[in-house]
Amino acid sequence: MRRRSVFPYVFGLVLLLLFAVPWWTVVASAYWSTSGVVVGTVVFAAAMVSFPVLMVYGHGKRHRDWAARVGDTTLGVIWVFFAWSVLGLIVRLVLALSGVDTVAGARLTALAVLAVAIVLVGWGLVAALRLPRTKAVDIVLPRLGHGLDGLRVVVLADTHFGPINRQRWSARLAAVVNELNPDVVCHAGDLADGTVDQRRDQVAPLGTVRATMAKLYITGNHEYFSEGQKWLDHMSSLGWEPMHNRHLLIERDGAQLILAGIDDPTGTSSGLPGHGPNLAAALAGTDQDTPVLLLAHQPKQVTQATEAGVDLQLSGHTHGGQIWPFHLVVRLDQKFLHGLSRHGDRTQLYTSRGAGFWGPPLRVFAPSEISLLTLRSG
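Residues numbered from 1 in each chain as written. Predicted model: local features only at pLDDT ≥ 70, side-chain atom pairs only at ≥ 80, totals over all residues. Heavy atoms only, no water.

Peer 1: How do you make sense of the environment of Ile323 when you look at a structure like this?
Peer 2: You can see Ile323 is positioned in the loop between β9 (312–315) and α10 (327–333). Relative accessible area serves as the criterion here: at 6%, Ile323 is assigned to the buried category. Along the backbone, Ile323 and Ile164 are 159 residues apart, and their C-alpha atoms lie at a distance of 18 Å. Here Ile323 is in contact with Gly76, Trp79, Val80, Pro360, Leu362 and Val364, once residues within four sequence places are set aside. (Helix = DSSP H or I, 4+ residues; strand = E, 2+ residues; numbered from the N terminus. Buried < 20%, exposed > 50% of the residue type's maximum accessible area, 1.4 Å probe, protein only. Contact = heavy atoms within 4.5 Å.)

Peer 1: How do you make sense of the packing of helix α6 (residues 196–203) against helix α7 (residues 228–237) when you look at a structure like this?
Peer 2: The angle between the axes and the distance between the axes are what describe a pair of packed helices. Viewed as axis vectors pointing N to C, α6 and α7 meet at an angle of 30°, and their least axial separation amounts to 12 Å. Between α6 and α7, the angle falls in the class roughly parallel. Crossing of α6 against α7: the hand is right-handed. From α6, Val196, Arg199, Arg200 and Val203 reach across to α7, where they touch Lys230, Trp231, His234 and Met235. (Axes fitted to C-alpha atoms, helices over the stretch in contact; angles between N-to-C directions. Parallel < 35°, antiparallel > 145°, perpendicular 65-115°, else oblique. Left-handed = near helix turned anticlockwise from the far one by under 90°.)

Peer 1: I keep staring at the packing of aromatic side chains and nothing clicks. Help me out?
Peer 2: Remark: the centre distance and the inter-plane angle together describe each pair of aromatic rings, the angle taken between the planes. Using the criterion set out here, one finds eight aromatic pairs in the structure. For the pair Trp79 and Phe326, a centre-to-centre distance of 5.7 Å together with 85° between the ring planes defines the contact as edge-to-face. Highlighted residues: Trp79 in helix α3 (residues 65–97) and Phe326 in the loop between β9 and α10, separated in sequence by 247 residues. Phe326 gets classed as partly exposed once you look at its relative accessible area, which sits at 35%. Measuring from ring centre to ring centre gives 5.3 Å for Trp123 and Phe365, while their planes differ by 65°; the resulting arrangement is edge-to-face. Placement of the pair is Trp123 in helix α4 (residues 102–129) and Phe365 in the loop between β11 (347–351) and β12 (369–377), with a sequence separation of 242 residues. Using a relative accessible area of 45% as the deciding quantity, one classes Phe365 as partly exposed. Members of the aromatic cluster, connected to one another through ring pairs, are Trp84, Trp123, Trp324 and Phe365. (Phe/Tyr/Trp six-rings, centres within 6.5 Å; stacked < 30°, edge-to-face > 60°.)

Peer 1: Whenever I open this one, the sheet that holds strand β4 (residues 214–217) confuses me. Can you help?
Peer 2: Adjacent strands of a sheet form backbone hydrogen bonds with each other and so pair up, either parallel or antiparallel. The six strands are arranged β1-β12-β2-β3-β4-β5 in an open sheet whose pairing can be described as mixed. Looking along the sheet, the strands with just one partner apiece sit at the ends: β1 (133–141) and β5 (241–242). Relative to β12, strand β2 (residues 151–156) is paired through five bridges, and the arrangement is antiparallel. By the bridge assignment for β12, Val154 is matched with Leu372. (Pairing = 2+ DSSP bridges.)

Peer 1: What's the story with the side chain of Ser85 in this structure? I'm lost.
Peer 2: Within the element layout of this structure, Ser85 appears in helix α3. From its side chain, Ser85 meets the backbone oxygen of Phe81 in a polar contact 2.6 Å long. Setting aside its immediate chain neighbours within four residues, Ser85 contacts Val21, Pro22, Thr25, Val26 and Val113. (Polar contact = N/O pair within 3.5 Å; in protein donor to acceptor, adjacent residues only side chain to side chain.)

Peer 1: Looking at this structure, how should I read the pattern of salt bridges?
Peer 2: Any two side chains of opposite charge can pair if their charged atoms end up close together. This model, assessed by the stated rule, comprises 10 salt bridges. In this structure, Asp311 and Arg143 form a salt bridge, with 2.8 Å as the shortest nitrogen-oxygen distance. Taken as a pair, Asp311 in the loop between α9 (302–307) and β9 and Arg143 in the loop between β1 and β2 lie far apart in primary sequence, 168 residues in all. Residue Asp311 is classed as buried on the basis of its relative accessible area, which comes to 2%. For Arg143, a relative accessible area of 26% gives the class partly exposed. The salt bridge involving Glu369 is made with Arg353; its shortest N-O contact spans 3.9 Å. Taken as a pair, Glu369 in strand β12 and Arg353 in the loop between β11 and β12 lie far apart in primary sequence, 16 residues in all. (Salt bridge = Lys/Arg side-chain N within 4 Å of Asp/Glu carboxyl O.)

Peer 1: I keep staring at a nonpolar patch on the surface and nothing clicks. Help me out?
Peer 2: A grouping of Trp32, Leu111, Leu114 and Ile118 is seen on the molecular surface, where their side chains present a nonpolar patch of about 350 Å² in accessible area. Relative to the assigned elements, Leu111 resides in helix α4. (Patch = residues over 30% accessible without salt bridge, like charges linked within 9 Å, V, L, I, M, F, W, Y side chains within 5 Å. Areas by Shrake-Rupley, 256 points an atom, 1.4 Å probe, with all protein chains shown as cover.)

Peer 1: Any chance you could explain the packing of α3 against α4 here in plain terms?
Peer 2: At a closest axis distance of 9 Å, the pairing of α3 and α4 adopts a crossing angle of 150°. One way to sum up the angle between α3 and α4 is to call them roughly antiparallel. Seen along the crossing, α3 lies across α4 with a hand that is right-handed. Across from Val77, Val80, Phe81, Trp84, Ser85, Gly88, Val91, Arg92 and Leu95 in α3, the residues of α4 making contact are Gly105, Ala106, Leu108, Thr109, Val113, Leu114, Val116, Ala117, Leu120 and Val121. Here the residues of the contact of α3 with α4 are counted per class, giving 14 nonpolar, four polar and one charged. (Nonpolar A, V, L, I, M, F, W, Y, C, P; charged D, E, K, R; others polar.)

This is the structure we're talking about:
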């Protein structure tokens, strides 16, 4: 009861700060005309009041996609304004200590914050909605047999098909993946936001993805906000292997590789029987001398992977922070934002920035990616 009573106050304080800091920096303290201050105040006040209403209508029981689009975009825009307003206030303080006229310093920083925020919002929209660039990385797995040297693994993650209809984007994404001629294609979770019926058309093009050896899919945390098991079943109907705490074995020219996948930790509290990460079950019956490639949505799951002697874990979840400087917050939960990292004597982790976006259709200093990993033998 006590936690519930505190939440509205914490939420209200965060909401107030998000809108009040930019309002103060750009409008109230910049010595504009009275009419300018009034207009700016009305704009910020209207956005602040409408924002929680839009989020409730968009992401609550009603699931109004139009409200989610407007609310999510508002969140992204105000976050950019907030971050750069904080920096603007620091610059204003430095200017004041340097002897710059107070009025001139206030107006200069207000205009700078306004200009930078507008440019970054525009750039962020383009970066989020464009087709991801392909990031090619070679990864040496010392235990990988020579027969599988050069194995091409394409990693998709965090497509987050949602309120913005990206069916054509999805088709182009599938086409790019096919052009890469992958041996294995992995979707590392957070496929969509919403139910299968809501996002069926956007996900459909993934059924055209081709791989010579395997197409693998695991759940992310967002699948469990709607229909975790139904998404596994649906991806299976599109020709993907649902890696629900299980593994399969691939072989080429005498060399073998175990491909395993585990659920996102959110599955444990989802109420779905048998859901939640179970690495022991996923690797049950495997040969300890055979290298293991593991799909696990969250990078921090690498702790268990390291203990189990996994050779390579593929993850997503972080979006690389998505909107700078939100990566600082992400690091509090996930230590590894993107790229390749080593853990223990054997395990490597590759964290994808993801192909899509969650919530705000913005990516600022955190570009999306299709990851092309070429596995090399030792």
